[in-house]
Amino acid sequence: MFLSRLILPFSRTAQKALLASVILPATMVPGQGAVPSADSHHLAALPLPSGAQIRSSDVFGAGAPGQYYFLERGDRLRLFRLDLAHPMGAQDLWMETWRSIRVPALSGQEHLRTAAVGMQHLFLAGEVAGGAPFIRSYQIGKKRGEGGGSVPTLTGRVDYFPESDTTPIRRLYFDAKSKTLWLAYDSGRIESGRPYLVLHDRILWSDPAGYLPLPDETALSRGPSPLLTPRSLSKASNNCFSCRYYLVSRQEPEGGNRPSLPVRSPENLDSALGILPMGSGLGLFMGRDAMVCRVPHPGPHARLKDCAGVPLKDLPVAASWWGNQLAYLYPPGRFSWSRHRWTIVAINPALIDNARLKLSPGKPFAFRDLLSSSGQYYLLPEGSRPRPKTFFTDGHRLILFGASHLYFLESRAVLRKTSRKEEGD
């Protein structure tokens, strides 16, 4: 018998929503059958407050531990924040707070393309009339509400002026490890997935990129910090007109910019559907011809090499580092044991690298077969509607939001300290 939730009247536009929820195994979510699956008892499901619906187009960002943001893009911009905490230390209960934060409307001359959340900031980017790009940020702070408590609010608007004033910004990516806001400029290529691959010390880009290093703290009352001017990536001296990818360091050298180093690649390499990590310097390039390739370190003759084809039916829709493992998200029907359910498969990246090294030249890399034989899988409940953009790790748990549920995985193995330095995000 399931413990009932304490229900209060909630709505998506409510300023505040509080309730206590019981953590349930994902195979025991009310209304779902309990289907046996490998380690399914480690996958927990937490229903979101009544009325809270996360759309697939919502921009997702993480704040402090247990704090998640969703930017809803519709007729107007609305930012929602979900806070999770254990009430009175009860590990099997969660106290949820769902709040709405008003976002100032854009002017009629501004078109929003992308957004990001990080370091208690909301970042917006797009272009104004005439095509010139703009970047804007707001600090996410607090103010006193009508009932005497504090409510979140956006303050301290700052507009940035990118050095490239003619090229639209395709995507913002907030790099929490290096405290950098990356700006991917539109290269004219048709892309629908992530145009970057994050490694522990460098990022591979399929678009030209600029960056904004952020200070640990900002005090807007004292005026803008000198770090608030976005920087373009300085061009390397060895220009390569046929190069379609770029390497940049996640560590900024003292007294200089981070140069954008061109990387050669096979002509048939395509990343229109995005680039996902595979560990050990490997990347999964998804497009018309999916391939797994080894990413080089920066150098005058850097080249994506050791490429092997990957069957399109083997491609996941999202990936994330999870401690010293890699986790992949697959839709229903990709595995024989999950014909009707979404699946998360975790695997040691050393197994991927070892299988790639043993692959004969010209042979396709059977990635899905490797996951089936060597991975550890977790089934989401039937009827789940996961949002792949929210698939990430907060350092302890593997997080995935659905339309109305939060799913998370936590295991002792993940919490053990690892000496691997390949973890990216």
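Residues numbered from 1 in each chain as written. Predicted model: local features only at pLDDT ≥ 70, side-chain atom pairs only at ≥ 80, totals over all residues. Heavy atoms only, no water.

**Describing unusual backbone geometry**
Move 1: One non-glycine residue, Met-119, lies in the positive phi region at around 50 degrees.
Move 2: Relative to the assigned elements, Met-119 resides in the loop between β8 (110–118) and β9 (121–128).
Move 3: Positive phi outside glycine occurs at Lys-179, with the angle close to 50 degrees.
Move 4: Along the polypeptide, Lys-179 turns up in the loop between β12 (169–175) and β13 (180–185).
Move 5: The class of Lys-179 is partly exposed, set by a relative accessible area of 33%. (Helix = DSSP H or I, 4+ residues; strand = E, 2+ residues; numbered from the N terminus. Buried < 20%, exposed > 50% of the residue type's maximum accessible area, 1.4 Å probe, protein only.)

**A word on the confidence of the model for the protein chain**
Move 1: Across the protein chain, pLDDT averages 81, with 80% of residues at or above 70.
Move 2: Low pLDDT, under 50, characterises residues 27–41; the predicted model gives this stretch 22 contacts beyond four residues in sequence or across chains. (pLDDT = per-residue confidence, 0-100. Contact = heavy atoms within 4.5 Å.)

**Comments concerning the pattern of salt bridges**
Move 1: Going through the model one piece at a time under the given rule, you end up with 18 salt bridges.
Move 2: Across the pair Glu-127 and Arg-113 runs a salt bridge whose closest N-O atoms are separated by 3.3 Å. Highlighted residues: Glu-127 in strand β9 and Arg-113 in strand β8, separated in sequence by 14 residues.
Move 3: Arg-294 serves as the salt-bridge partner of Asp-353, at 3.0 Å between the closest nitrogen and oxygen. In this pair, Asp-353 sits in helix α1 (residues 349–357) while Arg-294 sits in strand β22 (residues 291–294), placing the two residues 59 residues apart along the sequence. Each of the two residues, Asp-353 as well as Arg-294, counts as buried.
Move 4: Several salt bridges share partner residues, and in doing so they unite Arg-113, Glu-127, Arg-170, Asp-186, Glu-191 and Asp-207 into one network. (Salt bridge = Lys/Arg side-chain N within 4 Å of Asp/Glu carboxyl O.)

**A word on the environment of Val-158**
Move 1: Position of Val-158 relative to the elements: it lies in strand β11 (residues 150–160).
Move 2: The spatial distance from the C-alpha of Val-158 to the C-alpha of Phe-123 is 9.6 Å, given a sequence separation of 35 residues.

**Structural notes on the packing of aromatic side chains**
Pairs of aromatic rings are described using the distance from one ring centre to the other and the angle between the two planes.
Move 1: All chains considered together, the criterion is met by 21 aromatic pairs.
Move 2: Look at Tyr-173 and Tyr-196: their rings are 4.4 Å apart centre to centre, the planes differ by 25 degrees, and that puts the pair in the stacked class. Linking Tyr-173 in strand β12 with Tyr-196 in strand β14 (residues 196–198), this pair joins segments that are 23 residues apart in sequence.
Move 3: Assessed through its relative accessible area of 10%, Tyr-173 is described here as buried.
Move 4: Grouping aromatic residues by their ring pairs yields a cluster made of Phe-60, Tyr-68, Phe-70, Phe-80, Trp-98, Phe-392 and Phe-401.
Move 5: Here the guanidinium or amino end of Arg-189 rests over the ring plane of Tyr-245, the centre of that ring lying 5.3 Å away.
Move 6: Lying over the aromatic face of Tyr-211, Arg-258 brings its terminal NZ or CZ to 4.5 Å of the ring centre. (Phe/Tyr/Trp six-rings, centres within 6.5 Å; stacked < 30°, edge-to-face > 60°. Lys NZ or Arg CZ within 6 Å of the ring centre and 35° of its normal.)

**A word on the nonpolar core**
Move 1: Ranked by internal contacts, the top residues of the largest apolar core, which has 23 residues, are Met-278, Val-310, Tyr-328, Ile-352, Phe-365, Phe-367 and Leu-371.
Move 2: Listed by contribution, the elements that provide at least two residues to this core are β20 (274–279), β21 (282–286), β24 (318–322), β25 (325–330), β26 (343–347) and α2 (367–374).
Move 3: Sequence-distant contacts of Met-278, defined by excluding residues within four places in its chain, comprise Gly-283, Leu-284, Val-292, Leu-326, Tyr-328, Pro-349, Ile-352, Phe-365 and Phe-367.
Move 4: Formed by 18 residues, the second largest nonpolar core is a distinct cluster that contains Trp-98, Phe-392, Phe-401 and Phe-408. (Core = buried A, V, L, I, M, F, W, Y, C linked by side-chain atoms within 4.5 Å.)

**Let's talk about α1**
Move 1: Within α1, the full set of buried residues consists of Pro-349, Ile-352, Asp-353 and Arg-356. The arc that holds the buried residues of α1, viewed along the axis, is 95 degrees, so those residues lie on one side.
Move 2: At the N-terminal boundary of α1, the capping side chain belongs to Asn-348, with an oxygen 2.9 Å from the backbone nitrogen of Ala-350. (Arc of directions from axis to C-beta. Polar contact = N/O pair within 3.5 Å; in protein donor to acceptor, adjacent residues only side chain to side chain.)

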